[in-house]
Amino acid sequence: MQPLNFIAIIGVGLIGGSIGLAVRKRGLAKQVVGIGRSPERLAKARELAAIDRGTVNIAEGVHDADLVVVCTPVASIVQRVQEAASAAPPHAVLTDAGSTKRELVAELDNTVNANRSGPRFVGSHPLAGDHRTGCEFARADLFENRVTVITPTSHTSRAATTTVTEFWQALGSRVVEMSPEAHDQALAITSHLPHLVASAMSATTPEEYLPLTAGGWQDTTRLAAADPELWRQIFAANRAAVVEAVERFDVSLAALREALRTGDDRRLLQLLQEAKQVRDALGN
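Residues numbered from 1 in each chain as written. Predicted model: local features only at pLDDT ≥ 70, side-chain atom pairs only at ≥ 80, totals over all residues. Heavy atoms only, no water.

Participant: Whenever I open this one, the overall build of the chain confuses me. Can you help?
Facilitator: A tally of regular secondary structure across the chain gives 11 helices and nine strands. Radius of gyration (C-alpha) of the chain: 21 Å, near the 19 Å computed for a compact globule of 284 residues. If you line up the chain on its principal axes, its C-alpha atoms span 65 × 40 × 30 Å. Across the 284 residues of the chain, 44% fall into the buried class. Across the chain, contacts joining residues at least 24 apart in sequence account for 73% of those joining residues at least 6 apart. Summed over all atoms, the accessible surface of the chain reaches about 14,900 Å², with 52% contributed by carbon and sulfur. Of the side-chain charges in the chain, 29 are positive and 32 negative, and the distance between the mean point of each set is 3 Å. (Helix = DSSP H or I, 4+ residues; strand = E, 2+ residues; numbered from the N terminus. Rg over C-alpha atoms; globule rule 2.2 N^0.38 Å. Buried < 20%, exposed > 50% of the residue type's maximum accessible area, 1.4 Å probe, protein only. Contact = heavy atoms within 4.5 Å. Areas by Shrake-Rupley, 256 points an atom, 1.4 Å probe, with all protein chains shown as cover. Lys, Arg positive; Asp, Glu negative; His and termini not counted. Charge placed at Lys NZ, Arg CZ, Asp CG, Glu CD.)

Here it is as structure tokens:
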């Protein structure tokens, strides 16, 4: 993509900070403006070279922006996009990095994208991250060789979709286009369910057993160390799809439990082999 003049990032934590680092490393903008609620955190982001300057004022931060990326928790994305759209120049393109899409894209189609003369919004979700939060954990290579899903609809400008696609590709991502509904259905299984399972396994383990944990338990429960409030918002925004994913998981777990309970080792082996086949298909 051609370098932009100004990119504004609302929420300069792990994802926003990594975007800033990647943009500055790759020379994709003349200036990266970070927008947040804490001057101290913005100063830290500048110290880490994730942004060129920071502000707590959204209108000031997006005033000259060509591209605005909202990287706040899911529950505040709609409001932040709307605030940015009301202050950004008409040619600006807005996107986000939220883990759910159906509800927020529908709301922003009815508000931001309904204004044909104003900035345009395209939903995005980079499938990259860490259980840790904060700009201090940001990495310029976080999006390299990772999938980023974009979720345009019939209300989305094709030019804006092209801009957002090229932006994520410039950060090293492979871009996949899906409907918001299909995204939420898939991510309920591939992202949201694993977090619930990690949380359940962690909660099941007595603290006195923790010295006996090794790689298997620690790898499986790593997700449970993430910010609980952030994940509460994600689950709430994708509730029906997550419930459906849990029900599918219950069926698989029940089959394993029954094979164990009845001593049916042949069935147990079959189930383990089927699970291994799916995992092996990923290729890493």
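Participant: So what exactly am I meant to see when it comes to the nonpolar core here?
Facilitator: Nonpolar side chains in soluble globular proteins tend to be buried together. Among the nonpolar cores identified, the biggest contains 35 residues, and Ile7, Ile19, Val23, Phe143, Phe167, Trp168 and Leu171 are the most heavily contacted of them. Put simply, the parts of the chain that give this core at least two residues each are β1 (4-10), α1 (14-26), β2 (29-35), α2 (39-47), β4 (67-70) and α6 (158-170). Sequence-distant contacts of Leu171, that is, excluding residues within four places in its chain, are made with Ile19, Ala22, Val23, Arg26, Leu28, Phe143 and Glu144. Core analysis: the second largest hydrophobic core is formed by 22 residues, Ile35, Ile58, Ile77 and Ala85 among them. (Core = buried A, V, L, I, M, F, W, Y, C linked by side-chain atoms within 4.5 Å.)

Participant: I tried to follow the environment of Ile10 on my own but got confused; where do I start?
Facilitator: One can find Ile10 in strand β1. Considering only alpha carbons, one finds Ile10 and Arg37, 27 residues apart in sequence, at a separation of 9.4 Å. The residues touching Ile10, leaving out its near neighbours within four places in the chain, are Ile35, Ile58, Val62, Val68, Val69, Val70, Cys71, Thr72, Arg80 and Ala84.

Participant: Whenever I open this one, the sheet that holds β4 confuses me. Can you help?
Facilitator: Strand pairing in a sheet relies on backbone hydrogen bonds. The paired strands run either parallel or antiparallel. Here we have six strands laid out as an open sheet, ordered β3-β2-β1-β4-β5-β6, and parallel in their pairing. Across the chains shown, the open sheet's two edge strands, defined by having one partner strand only, are β3 (53-55) and β6 (120-122). Strand-to-strand twist of the sheet, defined as the mean angle between neighbouring strand axes without regard to direction, takes the value 25 degrees. Bridge analysis of β1 against β2 gives six bridges, and the strand direction is parallel. The residue bridging Leu4 from the neighbouring strand is Ala29, located in β2. (Pairing = 2+ DSSP bridges. Axes fitted to C-alpha atoms, helices over the stretch in contact; angles between N-to-C directions.)

Participant: Please explain unusual backbone geometry as it appears in this structure.
Facilitator: Peptide bonds are trans in most cases, and residues, glycine excluded, mostly fall at negative phi. Positive phi outside glycine occurs at Ala49, with the angle close to 70 degrees. With respect to the helices, strands and loops of the structure, Ala49 is situated in the loop between α2 and β3. You can call Ala49 partly exposed: its relative accessible area is 31%.

Participant: Looking at this structure, how should I read the packing of aromatic side chains?
Facilitator: Here the distance between the centres and the angle between the planes together describe a pair of aromatic rings. Counting across every chain of the model gives three aromatic pairs. Measuring from centroid to centroid gives 5.6 Å for Phe143 and Trp168, while their planes differ by 70 degrees, and the two rings are edge-to-face. One end of the pair, Phe143, is in the loop between β7 (124-126) and β8 (147-150); the other, Trp168, is in helix α6, with 25 residues separating them in the sequence. We note that Phe143, like Trp168, is buried. Through pairs of rings, three or more aromatic residues link up here, namely Phe143, Phe167 and Trp168. (Phe/Tyr/Trp six-rings, centres within 6.5 Å; stacked < 30°, edge-to-face > 60°.)

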